[in-house]
Amino acid sequence: MKRRRTALLSLTALLATALTALPAAPAGADEVEQVRNGTFDGGTEPWWTTSNVTAGLSEGRLCADVPGGTANRWDAAVGQNDITLVKGESYRFSFTATGSPAGHAVRAIVGLSVAPYDTYHEVTPQLSVSGDRYSYTFTSPVDTAQGQVGFQLGGSADPWRFCLDDVSLLGGVAPEPYEPDTGPRVRVNQVAYLPAGPKNATLVTDATAGLPWQLKNAEGTVVARGTTVPRGVDASSGQNVHSIDFSRHRTVGQGFTLVADGQTSRPFDIGTRAYEKLRLDSLKYYYPQRSGLAIRDDLRPGYGRPAGHVGVAPNQGDTDVPCQPGVCDYRLDVSGGWYDAGDHGKYVVNGGISTWELLSTYERETLARTGQAEKLGDGTLAIPESGNKVPDILDEARWELEFLLRMQVPDGQPLAGMAHHKIHDEQWTGLPLLPSDDPQKRELHPPSTAATLNLAATAAQAARLYRPYDKAFAAKALAAARKAWAAAEAHPDVYASADDGIGGGAYPDTDVTDEFYWAAAQLYLTTGERRFQDHVLNSPVHTADIFGPLGFDWARTAAAGRLDLATVPSRLPGRDKVRQSVVKGADRYLATLKAHPYGMPYAPEDNRYDWGSSHQILNNAVVLATAYDITGAAKYRDGAVQSMDYILGRNALNISYVTGYGEVSAHNQHSRWYARQLDANLPNPPDGTLAGGPNSNIQDPLAQAKLQGCVAQFCYIDDIQSWSTNEHTINWNAALARMASFVAGQR
Ligand code: 9MR
C-alpha cells in the first residue's frame, strides 16, 4: 500500500439517501476472465515466483515451497503480470488455497506490477491445511495494462508449503455496493454522559412528527421519558432525524439505553470515570509511537516491539541521515521523536502542533479553574520516565521536542538555525512493516520557514513549562527557539514543495503568517520581550477572525498563538480583546452546534468534511472549552462536553472514532504496525487511538471503491487500507487528549 496524492473527486450534492449504489453493470453480461491458466491444467505458465520459492504442479494445482527467515510478505511470492484493469469496472477475485503447517497466511493482492506497487485490492486470509475457497469483489480505481495478481508468502520464520488452484479475476461483474452496518437508529454517545452535563441523542426516522422516547437503566426500568423533536433532513448525513434531550436525568450508572421508534440504542454510562481513563489512554498513545527506542511490553502489554530507526540494519537511519541529493552535504543524528502516524515519517510541521497541543493540555490544567494538573503528574502514563518526579505528559512531549531540536540546521551551514521540514523513507513502504524492519534509505528534506517556526513556537513554550523541572533543558530550548526565530526572519518565505510527497507526506504550507504569529506569541509569553510583543500586535493575524468552520490544525496554527495569549498570564496590551475574540469564535461554534441535529460544532462549507475531520471537531470544541475557562459560562462548557458525543458514537455511522471506547469503535486504523487486519499476530491500535474520520475527498483507492458518492458523515470506512479516512496521527490524538482532559475535569 502506497500513499499518493490523487485528484479530488467531485462529490454529488446532498442526496436523500446516504450512499448511492455504484452504477450497476448488468450481471453476467460481459464477464471476462483476466487471469491466464488459473487452473494450472497445462503447467504453471505464465505464473512466476521469486527466486527463493520452488514451485511446481501437484495434483493439478500449483504448490510452492516457501523458505523461512524472510522479513516481509513480498520477499517470497507467486504471481502473474500483464493483467489489464479498467477504471470503474468491478472484478471478482477468487482462488482456492491451502497452507501447511496450519497457521500461515497469504497476502493476496491485485495491484500494480511496477513501482510504486499500489494495491487495489488485498486480503490476508489465514490458510487451512484442508483448503478453502476465497472470493472478493472490488472496483478498480485505475486503468492499467500493468496489473498483477500476486500471492505474497514471506515473513515466516519457518518454511512452509502453499498450494493454489482455480485462480480467477473476472471483470465486468456487478459491483457489490458497500452498506455500512449502522445498527440501531437511536444514536448516542456510546461511552458516557456527564451526570450534570448535557445529554442528547439523535434518532434516524422517516417520521415527521415527534415520537415518544424512554430512558432505561441497566435493569430495563424506564427512568425518564419524553418526546423527540423533529429536525428535518440533516445535511451532513442526508438522513431525516429527530433529536432527544434527556439532560434532566442526572443519576449515575452503567448500561443505560434510550428507546424510540421501536429501536434501542447501544448502551452507555452516566458518569465521569470513562473520561478519566480516556484522558490517560489518549496520552498513552504516544509512547508506542516513539521512534528510537524499544517499546517495553511490561509497560504496554501486547505492544512491545524492537527499537525503530536506531541505525541497525535493515534500517538505514536515523542516527546519521544525509539530505536528499543536492539539499545539503552534512548528515544529522535525528533519532527519536514520534512516528507521525501509520507511516514511519517524522515531520517537524505536524510534530510542532502535536507538541503544542500536549504542552497546552498540561498548561491549561495548571491555569484553569477546573484544571487538574496533578492528574497528568509523574507516574500517570506508564512510560519509562515514570518516577522521575517530572509530570509524565512533559516527559512524553520532551521525546518529540528533543527530536525537533535535532532537526535544526547546524551552525556554520548556509541556513543555520532553520529546521528541516521532515525526514522519511525514500519510497513509500508496504503494510504491515514494523519500524525496525523498514529497509528504506532515510533522507532529510529541505528546511522550510514553516518547520523553523514550529520549532521556535514549541521550544519557546517548552522553555517556560520545563523550567521548574530542568533549567538546563529550558535554557537550551529557549536558545534554540531564538535562533529559529532569527533564521525564520532572515528566510521568511522558504516553502516546502507540495510535490515532495514520495515516501512521506508533503505537509506543504505557503502561508506562514500564522506560524510567525504563533511563534511570536510563544516567545512573548515566555520572555515578555518587547520585540515579540511588537510582532504579535503588528501581525494581521492578531485581529483576524481565525475561528473558521474547519478550525485549526497543522497548517492553520493561529489559534495555537491566540488561545495561549488569551489564557497564559501576560501584560500584553489589549489582552481583554484577545480573550473576547476567543469567546466570539466560541459563540459561532455554539450556534453551529445548536443548529446541528447531531449536535456538533462542525459544518464545513459545501458539506465537505476535511481530512482528519474528527480532530477538527475536537479542536473546535477546544475553542468552546477555552471560552468556558475565560468566562465561566456554563453554555460553553456544555458545548465543549457535548462535542464528545459525536466522536463517541452519536453520528450517522453509529461508530465511536476512538479505539476501545463504545460498543462499536474504530479499530482498523491505517498503520504499518497496528496491522491486525492484515496479520493476526499484530495488534490493533491501543485503546484511546482516534481515527481520522469522514473525509469527503476520499483520496485512497479503497475508499474510492467503497464510498463513491458518499455524503459527508458517510465518507468513512474502518479499513486499514483507507488511509484518507482512517489513519491515526500524533496531531489528531493531541486534540483528543486535550478534550478528554477538559471533560474529565467537569461533572
Ligand atoms: O493530515 C494531513 C492532511 O491534512 C493532508 O491533507 C494530507 C495530504 O498532505 O496529509 C495528512 O497527513 C498525513 C501525512 O502527510 C503523512 N503521515 C500521515 C498523515 C495523516 O494521514
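Everything numeric in this text was worked out from a predicted model, so none of it was measured.

### Describing the state of the cysteines
And step 1. Counted according to the given criterion, the structure contains 3 disulfides.
And step 2. C323 shares a disulfide with C328; S-S distance 2.0 Å. The S-S bond linking C323 to C328 shows a torsion near 95°; that makes this disulfide right-handed.
And step 3. Using a relative accessible area of 6% as the deciding quantity, one classes C323 as buried.
And step 4. Once the disulfide-bonded cysteines of the chain are ranked by sequence position, their pairing pattern turns out to be 1-2, 3-4, 5-6.

### Focus on the packing of aromatic side chains
To describe a pair of aromatic rings, one takes the distance between the centres and the angle between the planes.
And step 1. For the structure shown, the criterion picks out 30 aromatic pairs.
And step 2. A connected cluster of aromatic rings, assembled from ring pairs, spans F40, W47, F93, F95, Y134, F151, W160 and F162.
And step 3. Lying over the aromatic face of W673, R305 brings its terminal NZ or CZ to 5.7 Å of the ring centre.
And step 4. The positively charged end of R398 is found above the aromatic ring belonging to F473, 3.8 Å away from the centroid.

### Quick notes on the side chain of E396
And step 1. By secondary structure assignment, the location of E396 is in helix α3 (residues 392-406).
And step 2. E396 gets classed as buried once you look at its relative accessible area, which sits at 1%.
And step 3. Those residues in contact with E396 that sit more than four places away from it in its chain are Y286, Y287, R290, W338 and I383.

### A short note on the sheet that holds strand β26 (residues 422-425)
And step 1. Spatially, the 3 strands line up as an open sheet ordered β24-β26-β27, and their pairing is antiparallel. Each edge of the open sheet carries a strand with a single partner, namely β24 (346-347) and β27 (442-444).
And step 2. Here 2 bridges tie β24 to β26, and the two strands are oriented antiparallel to one another. Within β26, the residue paired with Y347 across the bridge is K422.

### Re the packing of helix α2 (residues 348-367) against helix α14 (residues 730-744)
And step 1. Remark: α2 packs on α14, axes separated minimally by 8 Å, with the N-to-C direction vectors making an angle of 10°. Between α2 and α14, the crossing angle belongs to the class labelled roughly parallel. Contact residues: N350, G351, I353, S354, W356, E357, L358, S360, T361, R364 and E365 in α2; I730, N731, A734, A735, A737, R738, S741 and F742 in α14.
And step 2. Of the residues belonging to the contact of α2 with α14, the class tally is 8 nonpolar, 7 polar and 4 charged.

### Regarding the confidence of the model for the chain
Detailed reading of the predicted coordinates is not advisable wherever pLDDT falls low.
And step 1. On average, residues of the chain score 94 in pLDDT, and 96% of them are at 70 or above.
And step 2. Within the model, pLDDT remains below 50 along residues 1-28, and this stretch shows 75 contacts once partners closer than five positions in the same chain are excluded.

### Observations concerning the pairing of strand β14 (residues 200-204)
And step 1. Among the 5 residues of β14, 5 are classified as buried, and the element is accordingly described as predominantly covered.
And step 2. On β14, burial covers both faces: N200, T202 and V204 on one face and A201 and L203 on the other are all buried.

### A short note on the pattern of salt bridges
And step 1. Counted according to the given criterion, the structure contains 34 salt bridges.
And step 2. In this structure, D65 engages R161 in a salt bridge whose closest nitrogen and oxygen atoms are separated by 3.3 Å. With D65 in strand β4 (residues 61-66) and R161 in strand β11 (residues 160-171), the pair connects residues that are 96 residues apart, well separated along the chain.
And step 3. Classification of D65 by relative accessible area gives partly exposed; the value is 38%.
And step 4. By relative accessible area, R161 is classed as partly exposed at 31%.
And step 5. In this structure, R442 and D318 form a salt bridge, with 2.7 Å as the shortest nitrogen-oxygen distance. With a gap of 124 residues between them, R442 in strand β27 and D318 in the loop between α1 (273-284) and β22 (321-322) connect regions that are remote in the sequence. The burial state of R442 is the same as that of D318; both residues are buried.
And step 6. Here the salt bridges share partners, and the residues they tie into one network are E276, R279, R364, E365, K375 and D629.

### What about the UniProt feature "domain: CBM-cenC" (unreviewed entry) in the chain?
And step 1. Summarizing the sequence annotation, UniProt attributes the feature "domain: CBM-cenC" (unreviewed entry) to residues 33-154 in the numbering used throughout.
And step 2. From the first C-alpha to the last, residues 33-154 spans 28 Å; its make-up is 0% helix and 51% strand.

### Quick look at the site of the ligand
And step 1. Neighbouring the ligand are 12 residues; D340, D343, G505, W554 and E727 lie closest to it.
And step 2. Residue D340 places a side-chain N or O atom 2.9 Å away from a nitrogen atom belonging to the ligand.
And step 3. Here W554 contributes a side-chain N or O atom positioned 2.9 Å from an oxygen atom of the ligand.
And step 4. When the ligand sits alone it has 460 Å² of accessible area, and the protein chains cover 88% of it.
And step 5. Its residues placed into classes, the shell around the ligand shows 6 nonpolar, 2 polar and 4 charged.

### A few points about the nonpolar core
And step 1. Judged by nonpolar contacts, the single largest core of 153 residues is most densely connected at Y275, Y466, L565, M644 and M739.
And step 2. Looking at this core element by element, the count peaks at 12 residues for helix α4 (residues 449-466).
And step 3. In this structure, A64, I83, L127 and L164 belong to the second largest nonpolar core, which totals 34 residues.

Rules of the game
Residues numbered from 1 in each chain as written. Predicted model: local features only at pLDDT ≥ 70, side-chain atom pairs only at ≥ 80, totals over all residues. Heavy atoms only, no water. Disulfide = S-S within 2.5 Å. Buried < 20%, exposed > 50% of the residue type's maximum accessible area, 1.4 Å probe, protein only. Phe/Tyr/Trp six-rings, centres within 6.5 Å; stacked < 30°, edge-to-face > 60°. Lys NZ or Arg CZ within 6 Å of the ring centre and 35° of its normal. Helix = DSSP H or I, 4+ residues; strand = E, 2+ residues; numbered from the N terminus. Contact = heavy atoms within 4.5 Å. Pairing = 2+ DSSP bridges. Axes fitted to C-alpha atoms, helices over the stretch in contact; angles between N-to-C directions. Parallel < 35°, antiparallel > 145°, perpendicular 65-115°, else oblique. Nonpolar A, V, L, I, M, F, W, Y, C, P; charged D, E, K, R; others polar. pLDDT = per-residue confidence, 0-100. Salt bridge = Lys/Arg side-chain N within 4 Å of Asp/Glu carboxyl O. UniProt positions renumbered as here; feature names shortened; annotations may be inferred. Near = heavy atom within 4 Å. Polar contact = N/O pair within 3.5 Å; in protein donor to acceptor, adjacent residues only side chain to side chain. Areas by Shrake-Rupley, 256 points an atom, 1.4 Å probe, with all protein chains shown as cover. Core = buried A, V, L, I, M, F, W, Y, C linked by side-chain atoms within 4.5 Å.

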